[in-house]
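# Residue-level structure breakdown
Now for the letters of each chain:
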Amino acid sequence: MIRLEDVTLFVRSAALGSFSSAAREADILPGQVSAAVNRLERDLNKRLFARSTRSLRLTAEGETWLPYAQEMLTILQAGTERLQGSEDEMQGELKIAIPSDIGRNIILPVITAFCEKHPKISLRLFMSDQVSDVFRDPVDVAIRYGTLENSSYVALPLAEDNRRVLTASPAYINK
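Anyway, here's the lowdown on the structure attached to this text. Computed from a predicted structure; not experimentally measured. (Residues numbered from 1 in each chain as written. Predicted model: local features only at pLDDT ≥ 70, side-chain atom pairs only at ≥ 80, totals over all residues. Heavy atoms only, no water.)

## A word on the overall build of the protein chain
In terms of regular secondary structure, the protein chain is built from 6 helices and 5 strands. Walking the protein chain from its N terminus toward its C terminus, one meets helices and strands in the order α-α-α-β-β-α-β-α-β-β-α. Here the C-alpha atoms of the protein chain give a radius of gyration of 30 Å, more than 25% beyond the 16 Å that 2.2 N^0.38 yields for 175 residues. Principal-axis analysis of the C-alpha atoms gives the protein chain an extent of 105 × 30 × 25 Å. The buried share of the protein chain, reckoned over its 175 residues, is 23%. Only carbon and sulfur atoms are counted for the fraction: they give 53% of the accessible area of the protein chain, which is about 13,500 Å². Computing the positive centroid from 21 side-chain charges and the negative centroid from 23, the protein chain places the two 4 Å apart. (Helix = DSSP H or I, 4+ residues; strand = E, 2+ residues; numbered from the N terminus. Rg over C-alpha atoms; globule rule 2.2 N^0.38 Å. Buried < 20%, exposed > 50% of the residue type's maximum accessible area, 1.4 Å probe, protein only. Areas by Shrake-Rupley, 256 points an atom, 1.4 Å probe, with all protein chains shown as cover. Lys, Arg positive; Asp, Glu negative; His and termini not counted. Charge placed at Lys NZ, Arg CZ, Asp CG, Glu CD.)

This is the structure:
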């Protein structure tokens, strides 16, 4: 199995033209760089460097494989950056299911401010009065009011102290 560290040391050795320079850059011993390149050559079953006591140069196979190794490291770096992003900056897609009346009357102004504050978040709102199943539907968060019909859901109150009472006069109810 090819080790990522070995590929990194191969690319740096090729760029710097020396195992010693690559070792200094990685803060390891030159013998460790040589061992990493030897492992890589064994795994690939190809000689990547022509070595002498005073010089180090890529073989034809090494020159052929170098762009692939560089691309491998570039892709890995891009993927890592994409996943980690900035520690204080949120990013990605957030899918929210909300009742249509709450969406139109309450959430839209809040959403506008949220999107301005977090421009790297792509927000998708699903406004419907049907209860979303967050396990089957493509939503991350579902906001609903009323009592839970399914006890397997995890629900957190958003406005726990906001109790409303519907009142009317007896004449109005009789009408």
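Let us keep going from here.
## Brief notes about a nonpolar patch on the surface
Judged by side-chain polarity, Leu-4, Met-72 and Leu-76 come together as a nonpolar surface patch covering roughly 230 Å² of accessible area. Mapped onto the secondary structure, Leu-76 falls in helix H4 (residues 60-84). (Patch = residues over 30% accessible without salt bridge, like charges linked within 9 Å, V, L, I, M, F, W, Y side chains within 5 Å. Salt bridge = Lys/Arg side-chain N within 4 Å of Asp/Glu carboxyl O.)

## Remarks on the pattern of salt bridges
With the rule as written, the count across this model stands at 7 salt bridges. With a shortest N-O distance of 3.0 Å, Arg-51 and Glu-41 are connected by a salt bridge. Linking Arg-51 in strand E1 (residues 49-51) with Glu-41 in helix H3 (residues 30-44), this pair joins segments that are 10 residues apart in sequence. Overall, the relative accessible area of 7% leaves Glu-41 in the buried class. Of the charged contacts, one joins Arg-42 and Asp-43 as a salt bridge, the two residues approaching to 3.9 Å between their closest N and O atoms. The class for Arg-42 is exposed, based on a relative accessible area of 59%. The network of salt bridges with common partners includes Glu-41, Arg-47 and Arg-51.

## Details of the sheet that holds strand E4 (residues 121-127)
With parallel pairing, the 3 strands of this open sheet are ordered in space as E4-E3-E5. Each having just a single partner strand, E4 and strand E5 (141-142) make up the two edges of the open sheet. By the bridge criterion, 2 bridges tie strand E3 (residues 92-98) to E5 in an arrangement that is parallel. Bridge pairing in E5 links Ala-97 to Ala-142. Packed on one face of the sheet, helix H5 (residues 100-117) meets E3 and E4 and runs near 175 degrees to E4. (Pairing = 2+ DSSP bridges. Contact = heavy atoms within 4.5 Å. Axes fitted to C-alpha atoms, helices over the stretch in contact; angles between N-to-C directions.)

## Things to note about the packing of aromatic side chains
Any two aromatic rings considered together are summarised by their centre-to-centre distance and by the angle between their planes. By the definition in use, this model includes 3 aromatic pairs. Summarising the aromatic geometry, the rings of Phe-19 and Phe-49 are spaced 5.6 Å apart at their centres and angled 90 degrees between planes, so their arrangement reads as edge-to-face. Here Phe-19 is found in helix H2 (residues 19-26), whereas its partner Phe-49 is found in strand E1, with 30 residues between them in sequence. Take Phe-19: its relative accessible area is 12%, and that puts it in the buried class. Residue classification places Phe-49 among the buried positions, given a relative accessible area of 1%. (Phe/Tyr/Trp six-rings, centres within 6.5 Å; stacked < 30°, edge-to-face > 60°.)

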